[in-house]
Amino acid sequence: MDLIKSLFVSASGLKAQNGRMRVIAENIANASSTARSPDEEPYRRKIPTFKTQFDRELGATTVELGKVAEDKSDFKSTYMPGHPAADENGYVLQPNVNTLIETTDMREAQRSYEANLNVIESTRRMLQRTIDILKA
């Protein structure tokens, strides 16, 4: 039944968006994490990816969290001569995390999560109405 498929597809979307929010939360939590020494790199932003998969048993395409890639963009540099990770010129590398971008990505993930929840709720109501009609 197509209604059952929509439940499974939406559930896969919920799980994927949950993983995306977890990666974004890690980025935000580490937005100020510098290295401990001048030889190390600070925290590098992670980018969640998605992959689709055809479920033969279900007969539908589902989505799941794919590989979590690292953002290869450059680190920012801040002048902090007293910091343990400062180089010989007094500069410390900062993570390549922009909290504004992360916050925007989090809102988008939340909206996608809510959309999948709405599909599940609507499908549940339609299934319940179908059962009620068949009972009558």
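Residues numbered from 1 in each chain as written. Predicted model: local features only at pLDDT ≥ 70, side-chain atom pairs only at ≥ 80, totals over all residues. Heavy atoms only, no water.

Trainee: I keep staring at the overall build of the protein chain and nothing clicks. Help me out?
Mentor: The helix and strand tally for the protein chain stands at two helices and four strands. When the helices and strands of the protein chain are read in sequence order from the N terminus, they spell out α-β-β-β-β-α. Taken over C-alpha atoms, the radius of gyration comes to 22 Å for the protein chain, far larger than the 14 Å a tight globule of 136 residues would show. When the backbone C-alpha atoms are referred to their principal axes, the protein chain occupies close to 80 × 25 × 15 Å. The proportion of buried residues among the 136 residues of the protein chain is 29%. When contacts within the protein chain are restricted to residue pairs at least 6 apart in sequence, those whose partners lie at least 24 apart make up 60%. Total accessible area on the protein chain stands at roughly 9200 Å², and carbon and sulfur atoms take up 52% of it. One way to put it: in the protein chain the 19 positive side-chain charges average out to a point 8 Å from where the 19 negative ones average out. (Helix = DSSP H or I, 4+ residues; strand = E, 2+ residues; numbered from the N terminus. Rg over C-alpha atoms; globule rule 2.2 N^0.38 Å. Buried < 20%, exposed > 50% of the residue type's maximum accessible area, 1.4 Å probe, protein only. Contact = heavy atoms within 4.5 Å. Areas by Shrake-Rupley, 256 points an atom, 1.4 Å probe, with all protein chains shown as cover. Lys, Arg positive; Asp, Glu negative; His and termini not counted. Charge placed at Lys NZ, Arg CZ, Asp CG, Glu CD.)

Trainee: Please explain the side chain of Asn116 as it appears in this structure.
Mentor: Within the secondary structure, Asn116 sits in helix 2 (residues 99-135). Assessed through its relative accessible area of 17%, Asn116 is described here as buried. In this view, Asn116 contacts Ser10, Gly13 and Leu14; residues no more than four positions away in its chain are not counted.

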